[in-house]
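# Structural features, examined
Chain by chain, the residues:
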Amino acid sequence: MLNVQNLSKEYPGPGEAITVLENLDLSVEKGESVAIVGPSGCGKTTLLNILGTLDVPTSGSVSINGQDVGAMDAEERSRFRNRSLGFVFQQHFLLPQCTVLENVLMPRLAGGWEESEDATRERAASLLKDLGLSERVDHMPYQLSGGERLRVAVARSLVNQPGLILADEPTGSLDPAMGEQVADLFSELNTHHDVTLVTVTHNAALADRMGTVYALELGNLVRRSG
Ligand SMILES: Nc1ncnc2c1ncn2[C@@H]1O[C@H](COP(=O)(O)OP(=O)(O)OP(=O)(O)O)[C@@H](O)[C@H]1O
Ligand SMILES: [Mg+2]
């Protein structure tokens, strides 16, 4: 499903360039669930952004479903992202001028969506219900709590029924019960719908529910369990 080889990422700095990822390899099978843990600043978001084709590595390759994402042009890459990936960002990036439901429907607007609008709306509403937001569909993002915004971002990541979900701290601002609800939703997708899941998390309870746990240390992944 996901194959990463010899991946390195350097950021130019005001002073010396910093190396965040160094010769990192990762292989994730279809239907597998993976947690990536590690201290703040170790490069988790950097790695997830590269896996999600939102950032480019300094060297190395990423292939998803057998396709080398580095070889795609910008248009192919964005179509691929929109069709096949679900992304939960650490900073949720909701559009402030759109309602909750409109935010969840946003991936549709990028075009090339084959399903009828009614069918997508129905699924969006059902996802919002699963995430405890039935009473919030017409609210604006500024009218939501931090955890509610995060749950909208989770619903948006799932609306295209992605084969691969990349989630950056998907339980970050949630209380334990709500965190468990998000973990349940991911587990259900993973177990019953064969969705592959890679999640960055500081939440031990969420990490424990993933099949494999890696720690990101000195630019490389070290297997912790699974
Ligand atoms: N665009 C950038 N330019 C320069 N340096 C960057 C850039 N983005 C991230 N970094 C640096 O790369 C390192 C890794 O950042 P990253 O956001 O991947 O960490 P993280 O593991 O996700 O941390 P956190 O747990 O706090 O979210 C940090 O030291 C950061 O300062
Ligand atoms: Mg981060």
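Structure: above.
Residues numbered from 1 in each chain as written. Chains lettered and ligands numbered in written order. Predicted model: local features only at pLDDT ≥ 70, side-chain atom pairs only at ≥ 80, totals over all residues. Heavy atoms only, no water.

### Overview of the coordination of the magnesium ion (ligand 2)
We count it as follows: For Na, K and Ca the donor cut-off is 3.2 Å, and for all other metals it is 2.8 Å, counting N, O and S atoms only; because water is absent from this set, sites may look incomplete. Numbered from the N terminus, helices here are DSSP runs of H or I no shorter than four residues, and strands are runs of E no shorter than two.
For the magnesium ion (ligand 2), the full set of protein donor atoms is Thr45 (OG1) and Gln90 (OE1), and the range of their distances to it is 1.9 to 2.3 Å. With a gap of 45 residues between them, Thr45 in helix α1 (residues 44-51) and Gln90 in the loop between β6 (85-88) and α3 (100-109) connect regions that are remote in the sequence.

### Some remarks on the site of ligand 1
Heads up, the rule is: We call a residue near a molecule or strand when any one of its heavy atoms sits within 4 Å of it. In protein, a polar contact means a hydrogen-donor-capable atom and an acceptor-capable atom, both N or O and within 3.5 Å, with residues adjacent in sequence counting only if both atoms are side-chain atoms; elsewhere, any N or O pair within 3.5 Å suffices. In this description, accessible areas are obtained by the Shrake-Rupley approach with a 1.4 Å probe, and a residue is regarded as covered only by the protein chains that are shown.
Near ligand 1 there are 13 residues, and of these Ser40, Gly41, Lys44, Thr45 and Thr46 occur at the shortest range. Side-chain polar atom of Thr45 to an oxygen atom of ligand 1: 2.8 Å apart, as the coordinates give it. Side-chain polar atom of Thr46 to an oxygen atom of ligand 1: 2.6 Å apart, as the coordinates give it. Relative to its unbound accessible surface of 640 Å², ligand 1 loses 61% to contact with the protein. Elements with a minimum of two residues in the shell around ligand 1: β2 (18-28) and α1.

### Some details on the environment of Gly41
For Gly41, the position within the fold is in the loop between β3 (33-37) and α1. Each C-alpha atom of the pair Gly41 and Gln161 lies 31 Å from the other, and the pair is 120 residues apart in sequence.

### Quick look at the nonpolar core
Here is the rule we go by: Here, the term nonpolar core denotes a set of buried Ala, Val, Leu, Ile, Met, Phe, Trp, Tyr and Cys residues that are joined through side-chain atoms within 4.5 Å. Throughout, exposure labels follow a simple rule: accessible area from a 1.4 Å probe, protein chains only, divided by the maximum for the residue type, with under 20% read as buried, over 50% as exposed, and the rest as partly exposed. Working rule for contacts: check all heavy atoms of both residues, and any pair within 4.5 Å makes them a contact.
Counting 38 residues, the largest nonpolar core has Val154, Leu158, Ile165 and Phe186 as the members making the most contacts within it. When near neighbours in sequence (up to four residues on either side) are disregarded, Leu158 contacts Leu127, Ile165, Leu185, Phe186 and Leu189. In this structure, Val28, Cys42, Ile50 and Leu164 belong to the second largest nonpolar core, which totals 29 residues.

### Focus on the sheet that holds strand β4 (residues 59-64)
We apply this condition: Being paired, for any two strands, means DSSP has found at least two bridges between them. In this analysis, axes come from line fits to C-alpha atoms, helices being fitted only over the stretch in contact, and the angle between any two N-to-C directions falls in the range 0 to 180 degrees.
Read across the open sheet, the four strands follow the order β2-β1-β4-β5; overall the sheet is antiparallel. Edge strands, defined here as strands with exactly one partner in the open sheet, are β2 and β5 (67-68). Pairing of strand β1 (residues 2-11) with β4, which is carried by five bridges, proceeds in the antiparallel orientation. In the strand pairing of β4, Asn3 is matched with Ser63. Along the sheet face, α1 touches β1, β2 and β4 and points at about 125° away from the line of β1.

### Things to note about the layout of surface pockets
Heads up, the rule is: Cavity and pocket criteria rest on a 1 Å grid covering protein atoms alone: a 1.4 Å probe that fits but cannot get out defines a cavity, protein on both sides within 12 Å along at least 5 of 7 lines defines an open pocket, and an atom within 4 Å of a point defines a lining residue. Grid points are joined across faces, edges and corners, and a volume is the space filled by probe spheres set on the points. Only Asp, Glu, Lys and Arg are considered charged, only Ala, Val, Leu, Ile, Met, Phe, Trp, Tyr, Cys and Pro nonpolar, and every remaining residue, Gly among them, polar.
Within this model, the largest pocket holds a volume of roughly 380 Å³. What lines the largest pocket is a set of 17 residues, among which Asn82, Phe87, Phe89, Pro107 and Arg156 lie closest to the centre. Counting residues per element, the ones that place at least two in the lining of the largest pocket are α2 (74-84), β6, α3 and α5 (146-158). Considered class by class, the residues forming the lining of the largest pocket number nine nonpolar, six polar and two charged.

### What to know about unusual backbone geometry
Unlike most non-glycine residues, Asn23 shows phi in positive territory, near 50°. Following the sequence through the fold, Asn23 ends up in strand β2. Residue classification places Asn23 among the partly exposed residues on the basis of a relative accessible area of 42%. Of note in this structure, Asp194 is not a glycine but carries a positive phi near 60°. In this fold, Asp194 is placed in the loop between α6 (176-193) and β8 (196-200).

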